[in-house]
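# Coordinate inspection notes
Letter by letter, the chains look like this.
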Amino acid sequence: MTATATRTLVIGGGFAGLLAALRAAQAGEQVTLVEADSVTGGVIRSAVVDGLDLNAGPEAYASRGGRVQALVEELGLADRVVEPAGSSSFIVLDDHAFASPSRAVMGLPAQPLSAESRRALGLVGSLRAAAERLLPASYGWRDGISIGELTRRRFGRRVLDRLVAPLITGVHSADPMALELETVLPGLRRRADQAGSVQQAVAGMLAERDAAQRGRAASAGPRASARPTGAAGRSGEPVRAGAAVRAVTPTMAAIPEAMAERIRELGGTIRTSTRAVSLAADGDAWSVVLDPVGADGAPEQSADSTAPEHTASAPERITADRLVIATDPDTTRDLLRGLDTDPAQASLADLVPASRPVPVRLCTLVLQAPALSRHPRGNGALVAPSATTITAKAMTHASAKWDHVRTAARTDEHPHRHVIRLSYGRGDEPLPDRDRFPDLALRDAARILGVEGAGLSLVDWALTDITRTQRRAAAGHSDAVAALRSALPATIELSGAWIDGTGLEAITRERDTRS
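Just so you know, these numbers come straight off a predicted model, no measurement behind them.

### Digging into a nonpolar patch on the surface
Where nonpolar side chains cluster on the molecular surface, the patch consists of Leu113, Leu123 and Leu127 and spans about 290 Å² of accessible area. Following the sequence through the fold, Leu123 ends up in helix H3 (residues 115–130). Judged by relative accessible area, Leu123 falls into the exposed class, the value being 55%.

### Looking at the pairing of strand S14 (residues 285–292)
Burial analysis of S14 places seven of its eight residues in the buried class, which makes it a mostly covered element. Taken together, the eight bridges between strand S13 (residues 274–282) and S14 define a ladder with antiparallel strand orientation. Residue pairing for S14: Thr274 is matched across the bridge by Pro292. Here S13 folds back onto S14, and the loop between the two strands holds two residues, one of which, Gly283, carries a positive phi near 65°.

### Details of the packing of aromatic side chains
Scanning all chains against the criterion turns up one aromatic pair. Geometrically, the ring pair formed by Tyr424 and Phe437 is edge-to-face, given 5.1 Å between the ring centres and 85° between the ring planes. With Tyr424 in strand S21 (residues 417–424) and Phe437 in the loop between S21 and helix H15 (439–449), this pair connects stretches of sequence that are 13 residues apart. Note on Tyr424: relative accessible area 0%, which makes it buried.

### Details of H15
Judged by how many residues are buried, H15 sits mostly within the fold: eight of eleven residues are covered. Here H15 has its buried residues at Leu440, Ala441, Leu442, Asp444, Ala445, Ala446, Ile448 and Leu449. Those residues of H15 that are buried are in contact with strand S7 (90–92), strand S18 (360–368), strand S19 (380–383), strand S20 (394–397), S21 and strand S22 (457–466). Note on H15: the residue one or two positions beyond its end, Gly450, has a positive phi of about 70°.

### Here's the deal with the sheet that holds strand S11 (residues 245–248)
Taken in spatial order, the three strands line up as S5-S11-S6 in an open sheet, and their pairing is antiparallel. Two strands in the sheet have a free side with no partner beyond their single neighbour: strand S5 (61–62) and strand S6 (81–82).

### As for helix H11 (residues 329–336)
Listing the buried residues of H11 in full gives Pro329, Thr332, Arg333, Leu335 and Leu336. Burial along H11 is one-sided: seen end-on, the buried residues are contained in an arc of 165°. Capping of H11 at its N-terminal end is provided by Asp328; its side-chain oxygen lies 3.0 Å from the backbone amide nitrogen of Asp330.

### Structural notes on the environment of Glu83
Looking at the element boundaries, Glu83 is found in the loop between S6 and S7. Distance from Glu83 to Trp402, taken between C-alpha atoms, is 7.3 Å for residues 319 residues apart in sequence. Polar side-chain contacts of Glu83 include one of 2.5 Å to the side chain of Arg246.

### Focus on the environment of Asp193
With respect to the helices, strands and loops of the structure, Asp193 is situated in helix H7 (residues 188–195). As a C-alpha pair, Asp193 and Ala137 span 56 residues in sequence and 5.5 Å in three-dimensional space.

### Considerations on the sheet that holds strand S12 (residues 269–271)
Strands sit in the order S12-S2-S1-S16-S24 across an open sheet of five strands; the sheet is parallel. In this open sheet, the two strands that pair with only one neighbour each are S12 and strand S24 (492–494). For this sheet, the mean inter-axis angle between neighbouring strands, taken without regard to orientation, is 15°. Both strand S1 (residues 7–11) and strand S16 (residues 322–325) contribute to a ladder of four bridges, which runs parallel. Each bridged residue has a counterpart across the sheet, and for Leu9 the counterpart in S16 is Leu323.

Rules used in this analysis
- Residues numbered from 1 in each chain as written.
- Predicted model: local features only at pLDDT ≥ 70, side-chain atom pairs only at ≥ 80, totals over all residues.
- Heavy atoms only, no water.
- Patch = residues over 30% accessible without salt bridge, like charges linked within 9 Å, V, L, I, M, F, W, Y side chains within 5 Å.
- Areas by Shrake-Rupley, 256 points an atom, 1.4 Å probe, with all protein chains shown as cover.
- Salt bridge = Lys/Arg side-chain N within 4 Å of Asp/Glu carboxyl O.
- Helix = DSSP H or I, 4+ residues; strand = E, 2+ residues; numbered from the N terminus.
- Buried < 20%, exposed > 50% of the residue type's maximum accessible area, 1.4 Å probe, protein only.
- Pairing = 2+ DSSP bridges.
- Phe/Tyr/Trp six-rings, centres within 6.5 Å; stacked < 30°, edge-to-face > 60°.
- Contact = heavy atoms within 4.5 Å.
- Arc of directions from axis to C-beta.
- Polar contact = N/O pair within 3.5 Å; in protein donor to acceptor, adjacent residues only side chain to side chain.
- Axes fitted to C-alpha atoms, helices over the stretch in contact; angles between N-to-C directions.

Pasting the structure below:
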């Protein structure tokens, strides 16, 4: 008798959902993925600005850990992997800027007495940070501690204000005093206990990253398409901060596109413009109601008109043996509410930890500006939360950071064309009104880059809003996630940044562990 393939329904077509669907299809399961948007990929997408194909969401992935890199190679994209052209980045205050120390993790310095750390912290700040190694390994810790509180207790206020806070607000759109340490640096307490201090734990993490990059570079050999890693390509020189990320050309959208294509090749079905609106138990299986998404209730066209999947024109019910819900926590909570049929049992929906969305607005500028050709802030800059004259929280000089962007932007006809991207949204602060752009972005770019009055000539610009993906994890988030997962039925999985951790590497690590 032939066994029947497990019917797996994946709800959500962002990176987490695509990865779950891919792994299920590779395991021989009968996979259907539904996505409410007209395209898959979630926040990983591209936009054309002044004829340039640019990232409209994440611009890179973390190379530390190597799981996303392995996925990229598995998808046949290895020859399109690139690393930053330079490694320097800055932190900007109202009155000055300084290079971000390279030997640090999430702003926590491994070498607080180095020249670059002293320039960032001053002599007194560096001495205070260096004293962290003299503290008992257990000092300052408590369950659910925030990264800000731990930094202040062990390294001092200046490390918090000048190194950690700009990175946490810029990357995670969160207040470091409210962001649980375990969600951004899982396992740091264990490492610190073993090493004797947080400083030594961070040094160990950096050493592991350097060794892993040397190993990958040695096994891969020279690649014409990618800039060599610092450790392998510079006579043993330590890898700087910029080498901790990689990207795919022409944009990161190539990754979800390749994942979707592989899912189809394995017989999976992807249905866009289709929303899961409710689910219920159906014996040993799950019954899910799907509804088409469109302005008038009619289905929208898939981005890939040649794909074999379809979008339903009317609500329908499908049955699955296994569910993967890879949506934002609010949508996840609404779907799980349909399983609350026994008042005597704890509500699964109520176990979804509360986490407020932190909207982010990205403004991409294409400029003609000779003053930027010297790359005054290297690859980019983070803005200290204490700065009062700059509204943006971070800036990337994309045409300085990435060779392929610079090659596309700066031609014989346009030798000083540059691509700048600024991000807005610090958490509690409302996003600037859209009608303030592009003027606000131009003003912020000039101040961050230190070229006020140099004449930034705007060629084109674009805005992108990311409203639901980034979340503020409150204290106790890790414990709440563990409790939720332990309460789920065996045939339901949850995935996404809010539960797996921020970043593609964290999502991939969690999926690989489950697979």
